[in-house]
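Here is how the chains run, residue by residue.
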Amino acid sequence: MAALRRGRLDGASPALPFALCPGDLEGGGSVGNMARYLAQIVVLGAQVLGRAFALALRQEFAASRAAAEARGRGRPLSAAESRVAGISLQEAQQILNVSSLAPEEIQKVVRAKERLDEELRIQAQSQKREEQKPET
């Protein structure tokens, strides 16, 4: 019990983050002691939360660096380039169902887009002609 009153169980490691005074365990504590303990608990809780936050922040920075390295060792896209592209290379490959950047596959995609553009142009012309027809 004397070791517990000194705040240590085995004499080496602290059992509690604060020292107990004689009489605290027997129920003779005053309101002042209770306020002091409450303040110590609040401070200890703030320290624990601060350490946890710092650790989480370090882990997030490490994960961010790892993700940046995984994206490639090349230079990052500038804001203007990202705005122009609008989507990532992987997303573009998924949309176009292209597995590699082989010129043959890319050429098929380009030809398909040209065909769709031509169809849109034809539809716009026919719609314009219908609008220009005099009502009879």
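Residues numbered from 1 in each chain as written. Predicted model: local features only at pLDDT ≥ 70, side-chain atom pairs only at ≥ 80, totals over all residues. Heavy atoms only, no water.

**Describing the overall build of the protein chain**
Formally: Put simply, DSSP H or I for four residues or longer makes a helix, DSSP E for two residues or longer makes a strand, and each gets a number counted from the N terminus. To sort residues, take the accessible area from a 1.4 Å probe on protein chains only and compare it with the maximum for the residue type: under 20% means buried, over 50% means exposed, and anything in between is partly exposed. Should any heavy atoms of two residues lie within 4.5 Å, those residues are counted as being in contact. Areas reported as accessible are Shrake-Rupley estimates using a 1.4 Å probe. Residue values count occlusion only from the protein chains shown.
Scanning the protein chain from N- to C-terminus turns up five helices and zero strands. Shown N-terminal to C-terminal, the secondary structure of the protein chain runs as helices and strands in the order α-α-α-α-α. Residues classed as buried in the protein chain amount to 5% of the 136 residues present. Counting only contacts in the protein chain whose residues sit at least 6 apart along the sequence, the fraction spanning at least 24 positions is 5%. Split by element, the accessible area of the protein chain, about 11,700 Å² in all, is 61% carbon and sulfur.

**Considering the pattern of salt bridges**
Inclusion rule: We define a salt bridge as a side-chain nitrogen of Lys or Arg found within 4 Å of a carboxyl oxygen belonging to Asp or Glu.
Here the structure, examined in full by the defined rule, presents three salt bridges. In this structure, D117 engages K113 in a salt bridge whose closest nitrogen and oxygen atoms are separated by 2.6 Å. In this pair, D117 and K113 both sit in helix 5 (residues 103-132), four residues apart, roughly one turn of the helix. When its relative accessible area of 36% is taken as the criterion, D117 is described as partly exposed. Among the residues examined, K113 registers a relative accessible area of 48% and is labelled partly exposed. Here E119 and R115 are joined by a salt bridge, their closest N and O atoms 3.2 Å apart. Here E119 and its partner R115 are both found in helix 5, four residues apart, which amounts to about one turn of the helix.

**Focus: unusual backbone geometry**
Backbone geometry at N97 places phi at a positive 55°, although glycine is not the residue there. A relative accessible area of 69% places N97 in the exposed class.

**With respect to the environment of R121**
Selection rule: Pairs of N or O atoms within 3.5 Å make up the polar contacts considered here, provided that, within protein, one atom can donate a hydrogen while the other can accept it, and that residues adjacent in sequence are counted only when both atoms are side-chain atoms.
With respect to the element layout, R121 can be found in helix 5. Of the polar contacts made by the side chain of R121, one reaches the side chain of E118; its length is 2.2 Å.

**Focus on the confidence of the model for the protein chain**
The line we're drawing: For every residue, the predictor assigns a confidence score, pLDDT, that lies between 0 and 100.
The share of residues in the protein chain with pLDDT of 70 or more is 66%, and the mean pLDDT across the chain is 76. Looking at the elements of the protein chain, mean pLDDT is at its lowest for helix 1 (residues 2-5), recorded as 46, and at its highest for helix 5, recorded as 90. Counted against residues more than four places away or in other chains, residues 1-13, with its pLDDT under 50, gives 16 contacts.

**Some thoughts on a nonpolar patch on the surface**
Note the cut-off: Only residues whose relative accessible area exceeds 30% and that take part in no salt bridge are eligible for patches, with like-charged residues grouped when within 9 Å of each other and nonpolar side chains (Val, Leu, Ile, Met, Phe, Trp, Tyr) grouped when within 5 Å.
A cluster of nonpolar side chains, namely L89, L101, I106 and V110, defines an oily patch on the protein surface of about 340 Å² accessible area. Within the secondary structure, V110 is located in helix 5. Judged by relative accessible area, which is 34%, V110 ranks as partly exposed.

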